[in-house]
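Architecture at a glance
This is what each chain is made of:
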Amino acid sequence: MNNKYTGKCLCGAVTYVASGPPIIVAQCHCEECRRLSGTGHTVGAMFLSDSVVLSGKLNEFKYMSEKASEVTKAFCASCGSPIYGTNTRTPDHLTLTLGTMDDATGLKVEVVIFERDRPHWDQLDEDVTSFRTQPDWKPHE
Ligand SMILES: [Zn+2]
Ligand SMILES: [Zn+2]
C-alpha cells in the first residue's frame, strides 16, 4: 500500500507530501526531543528522503548525537513547528513529526526509544480528568 501523507506547520507556511508507508514510526524521549517539542517526547515517521516533497522556508538546528552522528532538526522559519529531523547515521532518510501530519490514520507508534529519559509526567494516571475540548476553567475560580 502506497499512501500519501500530507502535513503542515502551525502557520501553514511549510507543507509536505510524503509517499508511504513510513519505514518506522518511533516515539523518542531523548533530552533533545523533549526540548525540541517542549513536552515529554516526539513521535516521528521515517521515510526515504526521496519520497518526501517539502515546501516553505525552514530553519535548521544541528547537534551531535550520543553516537557522534550529526542530527539536523528543521522547523518552520516563521512559527517554529518542528517538521523533520535527519541523522547522518541513516543518510537518505528523513523523519517527519507525526503531530504535523494531516491524517495519520493507520499509523501507530511501533517503537519507543530513550525510554530511560522518559519524564515521570509523560505517562498519565488513569484517574486524570480529561475534557474532550477546552473546558471553561480559569485560575482562582
Ligand atoms: Zn509555520
Ligand atoms: Zn530523540
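Every chain begins its residue count from 1, and numbering advances along the sequence as written. Whichever chain is written first becomes A and whichever ligand is written first becomes 1, with later ones labelled in order. Per-residue local features of the predicted model are confined to residues with pLDDT of at least 70, and side-chain atom pairs are confined, for both listing and counting, to 80 or more; whole-chain, interface and lining totals are unaffected and use all residues.

1. Thoughts on the overall build of the protein
Here a strand is any run of E in DSSP of at least two residues, a helix any run of H or I of at least four, and the numbering for each starts at the N terminus. The number of helices and strands found in the protein is 1 helix and 10 strands. Summarising its shape, the C-alpha atoms of the protein cover approximately 50 × 35 × 30 Å along the three principal directions. Remark: C-beta atoms are placed from the backbone, and a residue is labelled buried if 20 or more other C-beta atoms sit within 10 Å of its own, exposed if 12 or fewer do, or partly exposed between those counts. Of all 141 residues assigned to the protein, the portion counted as buried reaches 23%. Taking contacts inside the protein between residues at least 6 apart in sequence as the whole, the part at least 24 apart equals 55%. Throughout, a pair of residues is in contact if the C-beta atoms placed from their backbones lie within 7 Å.

2. Digging into the pairing of strand S9 (residues 93-97)
Burial analysis of S9 places 4 of its 5 residues in the buried class, which makes it a mostly covered element. Note: two strands are recorded as paired if DSSP finds a minimum of 2 bridges between them. Sheet topology note: the strand S4 (residues 42-48)/S9 ladder contains 5 bridges and is antiparallel. From the neighbouring strand, Met46 faces S9, where its bridge partner is Thr95. Bridging between strand S8 (residues 82-87) and S9 involves 2 bridges; their strand directions are antiparallel. Across the sheet, the residue bridging to Tyr84 is Leu96, located in S9. Linking S8 to S9, which pair antiparallel, is a turn of 5 residues; within it Asp92 sits at a positive phi near 70°.

3. Let's talk about the nonpolar core
Nonpolar cores are identified as sets of buried Ala, Val, Leu, Ile, Met, Phe, Trp, Tyr and Cys residues joined via C-beta atoms within 7 Å. Counting 16 residues, the largest nonpolar core has Ala18, Ala45, Phe47, Ile83, Tyr84 and Leu96 as the members making the most contacts within it. Secondary-structure elements contributing two or more residues to this core are strand S2 (15-19), S4, strand S7 (70-76), S8 and S9. Tallying contributions element by element places S4 first for this core, with 4 residues. In contact with Phe47, not counting residues within four places along its chain, are Ala18, Gly20, Pro22, Ile23, Val52, Leu94 and Leu96.

4. Notes on the sheet that holds strand S6 (residues 58-64)
Paired through their backbone hydrogen bonds, the strands of a sheet run either parallel or antiparallel. If you walk across this open sheet you meet the 7 strands as S6-S7-S8-S9-S4-S3-S10, and the pairing is mixed. Pairing within the sheet leaves two strands with one partner each, and these edge strands are S6 and strand S10 (111-113). Here the strands of the sheet are splayed against their neighbours by 30° on average, with no regard to which way each runs. The pairing of strand S3 (residues 24-28) with S10 spans 3 bridges and is parallel. The axes are straight lines fitted to the C-alpha atoms, using for helices just the contacting stretch, and the angles between their N-to-C directions are given from 0 to 180°.

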